[in-house]
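# Coordinate inspection notes
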Amino acid sequence: EADIYQTPRYLVIGTGKKITLECSQTMGHDKMYWYQQDPGMELHLIHYSYGVNSTEKGDLSSESTVSRIRTEHFPLTLESARPSHTSQYLCASSDPTGATNEKLFFGSGTQLSVL
Amino acid sequence: KNQVEQSPQSLIILEGKNCTLQCNYTVSPFSNLRWYKQDTGRGPVSLTIMTFSENTKSNGRYTATLDADTKQSSLHITASQLSDSASYICVVRGGKNTDKLIFGTGTRLQVFP
């Protein structure tokens with residue numbers, strides 16, 4: 001089982017609140033990702049990082065921001081949550097970094113509901 | 001446009017039966033194709049990876065096939081178990097930027113006793 005952890009598992013908040021979704025991995029992977037997944041839909045890449053101090057936006061436009069100050073930690077922040085942000089957020093890391101056969105290891109996800 | 005389409009969208013089978021899930025893609029150039037299993041409320045877990053030169057690969061009761069000419073892959077599950085109930089996601093790496101992953105919407109499999 002992958003050593004990648006997300007907290008919280010479930011989060012229900014009101015509109016306008018600032019939230020941070022936590023993601024940590026203990027595998028020493030350089031590359032980390034955030035995906036957004038709605039029920040019955042494919043995963044959409046919203047952010048990724050190649051290593052410390054590296055962050056990039058993914059294919060799906062997102063109002064969230066990320067940071068990568070430490071290799072093992074890749075938190076995602078929403079400054080002002082809205083109902084349209086309601087979704088499941090999946091964090092992943094990959095090994096071997098940069099190889100075409102790299103495998104993603106996913107966390108269990110955070111199910112966010114904004115009321 | 002690079003796309004990955006999976007069928008059926010959902011499938012119900014009885015425990016012990018076999019089933020086959022399909023994945024068709026239009027991604028070019030093609031790098032590899034990976035099948036993931038996603039249990040409800042969990043993140044996806046890799047089952048197997050298929051590269052251009054591979055036609056078939058097994059992982060326990062799971063057997064994946066790849067036809068790079070027709071751009072089709074299948075995942076065959078033998079002697080299904082209740083624990084096989086999950087979504088199965090086909091992910092293709094490729095496109096002009098070969099670092100890009102294109103996800104299918106998945107097949108939701110339910111195995112009943």
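As a reminder, the structure under discussion sits directly above these lines.
In this text, all values refer to a predicted model and were calculated from it rather than measured experimentally.

### Section: the overall build of chain B
Across its full length, chain B holds zero helices and eleven strands. Counting helices and strands in the order they occur from the N terminus, chain B gives β-β-β-β-β-β-β-β-β-β-β. Its C-alpha radius of gyration of 14 Å places chain B within 12% of the 13 Å reference for a compact globule of 113 residues. Counting only C-alpha atoms, chain B reaches 45 × 30 × 20 Å along its principal axes. When burial is assessed residue by residue, chain B has 47% of its 113 residues classed as buried. Within chain B, residue pairs in contact and separated by at least 24 positions form 55% of the contacts whose partners lie at least 6 positions apart. A total of about 5,400 Å² of accessible surface is found on chain B, and carbon and sulfur atoms cover 49% of it.

### Structural notes on the nonpolar core
All names here are of chain B. Counting 25 residues, the largest nonpolar core has Val4, Tyr25, Leu33, Trp35, Leu75, Tyr88 and Val92 as the members making the most contacts within it. At the level of elements, strand E3 (19-25), strand E4 (30-38), strand E5 (45-51), strand E7 (62-67), strand E8 (72-77), strand E9 (86-94) and strand E11 (107-112) are the ones that each hand at least two residues to this core. Sequence-distant contacts of Tyr25, that is, excluding residues within four places in its chain, are made with Gln3, Val4, Phe30, Leu33, Leu66, Asp67, Ala68, Lys71, Gln72 and Val92.

### Here's the deal with the layout of surface pockets
Computed from the structure, the largest pocket encloses a volume of approximately 540 Å³. Along the wall of the largest pocket there are 25 residues; nearest its centre are Asp59 of chain A together with Lys100, Leu101, Ile102 and Phe103 of chain B. Put simply, the parts of the chain that give the lining of the largest pocket at least two residues each are strand E4 (31-37) and strand E5 (44-51) of chain A together with strand E1 (4-7) and strand E10 (101-103) of chain B. Classifying every residue of the lining of the largest pocket by side-chain character gives eleven nonpolar, six polar and eight charged.

### Remarks on the pattern of salt bridges
Residues and elements named next belong to chain A. Summed over the entire model, instances satisfying the criterion amount to seven salt bridges over all chains. Here Glu79 ties to Lys18 by a salt bridge, and the two come within 3.9 Å at their closest N and O atoms. Of this pair, Glu79 sits in the loop between strand E8 (76-78) and strand E9 (87-95) while Lys18 sits in the loop between strand E2 (10-13) and strand E3 (19-25), placing them 61 residues apart in sequence. Owing to a relative accessible area of 55%, Lys18 belongs among the exposed residues under this scheme. Where Arg82 meets Glu63, a salt bridge forms, and the shortest distance between an N and an O atom there is 2.7 Å. One end of the pair, Arg82, is in the loop between E8 and E9; the other, Glu63, is in the loop between strand E6 (54-57) and strand E7 (65-66), with 19 residues separating them in the sequence. On the accessibility criterion, Arg82 (37% relative accessible area) is partly exposed. Judged by relative accessible area, Glu63 falls into the partly exposed class, the value being 46%.

### Brief notes about the pairing of E3 of chain A
Residues and elements named next belong to chain A. The side-chain alternation of E3 yields one buried face, formed by Ile19, Leu21, Cys23 and Gln25, and one unburied face, formed by Thr20, Glu22 and Ser24. Judged from the four bridges that link them, strand E1 (residues 4-7) and E3 form a sheet pairing that is antiparallel. Following the sheet pairing, Ile4 is matched in E3 by Gln25.

### Quick look at the sheet that holds E7 of chain B
All names here are of chain B. Pairing is antiparallel in the open sheet, where five strands are placed in the order E1-E3-E8-E7-E6. Strands at the two margins of the open sheet, each flanked by one partner only, are E1 and strand E6 (56-59). Each strand of the sheet is rotated relative to its neighbour by a mean of 15°, with strand direction disregarded. Bridging between E7 and E8 involves six bridges; their strand directions are antiparallel. Of the residues in E8, the one forming a bridge with Asp67 is Gln72.

### Notes on unusual backbone geometry
Residue and element names in this part refer to chain B. The omega torsion across Ser7 and Pro8 is -10°, close enough to zero to call that bond cis. In this structure, Pro8 sits in the loop between E1 and strand E2 (10-14). The omega torsion of the bond from Ser28 to Pro29 falls at -10°, within 30 degrees of zero and hence cis. Within the secondary structure layout, Pro29 lies in the loop between E3 and E4. For Lys71, which is not glycine, the phi dihedral falls at a positive 60°. For Lys71, the location among the structural elements is in the loop between E7 and E8. Residue classification places Lys71 among the partly exposed positions, given a relative accessible area of 28%. Located in the positive-phi region is Ala79, a residue other than glycine, with phi close to 50°. With respect to the secondary-structure elements, Ala79 resides in the loop between E8 and E9. Assessed through its relative accessible area of 33%, Ala79 is described here as partly exposed.

Conventions used here
- Residues numbered from 1 in each chain as written.
- Chains lettered and ligands numbered in written order.
- Predicted model: local features only at pLDDT ≥ 70, side-chain atom pairs only at ≥ 80, totals over all residues.
- Heavy atoms only, no water.
- Helix = DSSP H or I, 4+ residues; strand = E, 2+ residues; numbered from the N terminus.
- Rg over C-alpha atoms; globule rule 2.2 N^0.38 Å.
- Buried < 20%, exposed > 50% of the residue type's maximum accessible area, 1.4 Å probe, protein only.
- Contact = heavy atoms within 4.5 Å.
- Areas by Shrake-Rupley, 256 points an atom, 1.4 Å probe, with all protein chains shown as cover.
- Core = buried A, V, L, I, M, F, W, Y, C linked by side-chain atoms within 4.5 Å.
- 1 Å grid on protein atoms, 1.4 Å probe; cavity = no way out; pocket = protein on both sides within 12 Å on 5 of 7 lines; lining within 4 Å.
- Points joined across faces, edges and corners; volume = space filled by probe spheres on them.
- Nonpolar A, V, L, I, M, F, W, Y, C, P; charged D, E, K, R; others polar.
- Salt bridge = Lys/Arg side-chain N within 4 Å of Asp/Glu carboxyl O.
- Pairing = 2+ DSSP bridges.
- Axes fitted to C-alpha atoms, helices over the stretch in contact; angles between N-to-C directions.

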